[in-house]
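Single-letter residue listing:
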Amino acid sequence: MSRVYNFSAGPAVLPEEVLREAADEMMDYRGSGMSVMEMSHRSKMFESIIGQAEEDLRELMNIPSNYKVLFLQGGASQQFAMVPMNLFKNRVGDYIITGQWAKKAWQEASMYGTANAIASSADKTFSYIPDVSDLPVSENADYVYICENNTIYGTKYKTLPNTKGKDLVADISSCILSEPVDVTKYGLLFAGAQKNVGPAGVVIVIIREDLIRDEVLPGTPTMLRYKTHADNNSLYNTPPAYGIYICGKVFQWVKKRGGLQAMKEYNEKKAAVLYDYLDQSCLFKGTVEKKDRSLMNVPFITGDSDMDALFVKEAKAQGLENLKGHRTVGGMRASIYNAMPMEGVEKLVAFMKEFEEKHGK
Ligand SMILES: *Cc1c(COP(=O)(O)O)cnc(C)c1O
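Here the structure is a predicted model, which is why all the values come from computation and not from measurement.

Caption draft 1: Main features of helix α2 (residues 44–61). Its 18 residues give α2 an end-to-end C-alpha distance of 26 Å, which sits within 8% of 26 Å, the value for a rise of 1.5 Å per residue. Looking at the buried residues of α2, the elements they touch are β2 (67–72), β10 (203–208), α6 (241–256) and α7 (259–280). Following α2 by one or two positions, Asn62 adopts a phi angle in the positive range, close to 55°.

Caption draft 2: Local environment of the pairing of β2. Of all six residues in β2, five are buried; the element is thus mostly enclosed. Across six bridges, β2 lies against β10 in antiparallel orientation. From the neighbouring strand, Phe71 faces β10, where its bridge partner is Ile204.

Caption draft 3: Representation of a nonpolar patch on the surface within the structure. Side chains of Met26, Met27 and Met37 sit close together on the surface and give an oily, nonpolar patch of about 340 Å² of accessible area. In this fold, Met27 is placed in the loop between α1 (16–24) and α2. A relative accessible area of 69% means that Met27 is categorised as exposed.

Caption draft 4: Molecular detail of the site of the ligand. The immediate surroundings of the ligand are formed by Gly75, Ala76, Ser77, Phe80, Trp101, Cys147, Asn149, Thr151, Asp171, Ser173, Gln194 and Lys195. The contact in question runs from an oxygen atom of the ligand to an N or O atom on the side chain of Thr151, over 2.4 Å. At 2.9 Å, a side-chain N or O of Gln194 approaches an oxygen atom of the ligand. Isolated, the ligand exposes 390 Å² of accessible area, and the fraction of that covered by the protein chains is 86%. Classifying every residue of the shell around the ligand gives four nonpolar, six polar and two charged.

Caption draft 5: Seen up close, the sheet that holds strand β12 (residues 297–301). Across the sheet, three strands lie side by side as β11-β12-β14; this open sheet has antiparallel pairing. The sheet is open, and its two borders are formed by β11 (285–286) and β14 (332–335), each paired with just one other strand. In this structure, β11 lies alongside β12, joined through two bridges in antiparallel fashion. Bridge assignment links Gly286 to a residue of β12, and that residue is Phe300.

Caption draft 6: Molecular detail of the pattern of salt bridges. Summed over all chains, the structure comprises 23 salt bridges. The residue Glu314 makes a salt bridge to Lys358 at a minimum N-O spacing of 3.8 Å. With Glu314 in helix α8 (residues 305–317) and Lys358 in helix α9 (residues 342–359), this pair connects stretches of sequence that are 44 residues apart. Look at Lys358 and you get exposed, because its relative accessible area is 60%. Two residues, Lys316 and Glu321, come together in a salt bridge whose shortest N-O distance is 3.1 Å.

Caption draft 7: Seen up close, empty space enclosed by the protein. Applying the stated criterion to the full structure yields one cavity of 30 Å³ or more. Reported here for the largest cavity is a volume of approximately 40 Å³. Contributing to the lining of the largest cavity are Val13, Leu14, Pro15, Lys195, Asn196, Val197, Val250, Trp253, Tyr337, Asn338 and Ala339. Of the residues contributing to the lining of the largest cavity, the split by class is eight nonpolar, two polar and one charged.

So, how was this worked out
- Residues numbered from 1 in each chain as written.
- Predicted model: local features only at pLDDT ≥ 70, side-chain atom pairs only at ≥ 80, totals over all residues.
- Heavy atoms only, no water.
- Helix = DSSP H or I, 4+ residues; strand = E, 2+ residues; numbered from the N terminus.
- Expected span 1.5 Å × (residues − 1).
- Contact = heavy atoms within 4.5 Å.
- Buried < 20%, exposed > 50% of the residue type's maximum accessible area, 1.4 Å probe, protein only.
- Pairing = 2+ DSSP bridges.
- Patch = residues over 30% accessible without salt bridge, like charges linked within 9 Å, V, L, I, M, F, W, Y side chains within 5 Å.
- Areas by Shrake-Rupley, 256 points an atom, 1.4 Å probe, with all protein chains shown as cover.
- Salt bridge = Lys/Arg side-chain N within 4 Å of Asp/Glu carboxyl O.
- Near = heavy atom within 4 Å.
- Polar contact = N/O pair within 3.5 Å; in protein donor to acceptor, adjacent residues only side chain to side chain.
- Nonpolar A, V, L, I, M, F, W, Y, C, P; charged D, E, K, R; others polar.
- 1 Å grid on protein atoms, 1.4 Å probe; cavity = no way out; pocket = protein on both sides within 12 Å on 5 of 7 lines; lining within 4 Å.
- Points joined across faces, edges and corners; volume = space filled by probe spheres on them.

Set out below in structure tokens:
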């Protein structure tokens, strides 16, 4: 068996301990004689898997009791529709456009009402987070929406927007569990699992109870109502059971590593190795304003697309995989999620140095 260092933005690297445990339990989950994949989602065993997963996530993120935790399907992208369908009362949402995922959410919401772009960093290809201290929040906005860590562009909010009393909705797909979070500052948070938590097919929604309403937009399908899933503890229909099981193992792994404060410290150390190198390199250059840099996704370029392509190719030959930047941005991007070990980042930087010595002028 040989594993590579996988810098993919998602689906992304998972902890080896988790994969090994899942492999051990594949044929016979704890004496059940079957895999979790084959197990009834109504069984006692699965109830305990999903129950434990929720309990561990609540503990890790310090989620208050007036918030529901839902394990749903449809990916993060389905939340772009579920949010307005369920939260629109005045049919007005204020969106801060910091990249493609925020833009997609904004476009989706505009199908159901008025979606205002109240700030944007499109003018500099989303290389920074706009000043969000005094935004023109609409008086009748049902919420203010952000994408907290911009997976494609590598920016992250260091301070949350001043929403002027409106509920904050955040897509935290690529930063969930990477650092401590104050859930009380949000009305709703959601994250696709495949970046920092588990396999694709699960999306985690954390929603304050008063936002789970009977009165949703007319025509909202049963499956797209938060209430449907909240009333049934995510077991209204068959949930993404195997995915939830793996998420649960990752929660346990994060707990064992010391929780979110410990993850943050480790992530900061890892990111510093790469950013410090980028800041002194004559060949490679980070593309993001320093104050807004993400701990999870690090885009960089040489400024020469042929050189970029050569780097990606040669890195791959060294077991450093998936370093090609997003197809809309070009260059490179190293995603260094929780499960990426320090050794992976060190090996990447060592290879970048070698490459620079060979090809830099
Ligand atoms: C990957 C990603 C998405 C899209 O997730 P899907 O599960 O593919 O729908 C949305 N938002 C962010 C921030 C992402 O990183």
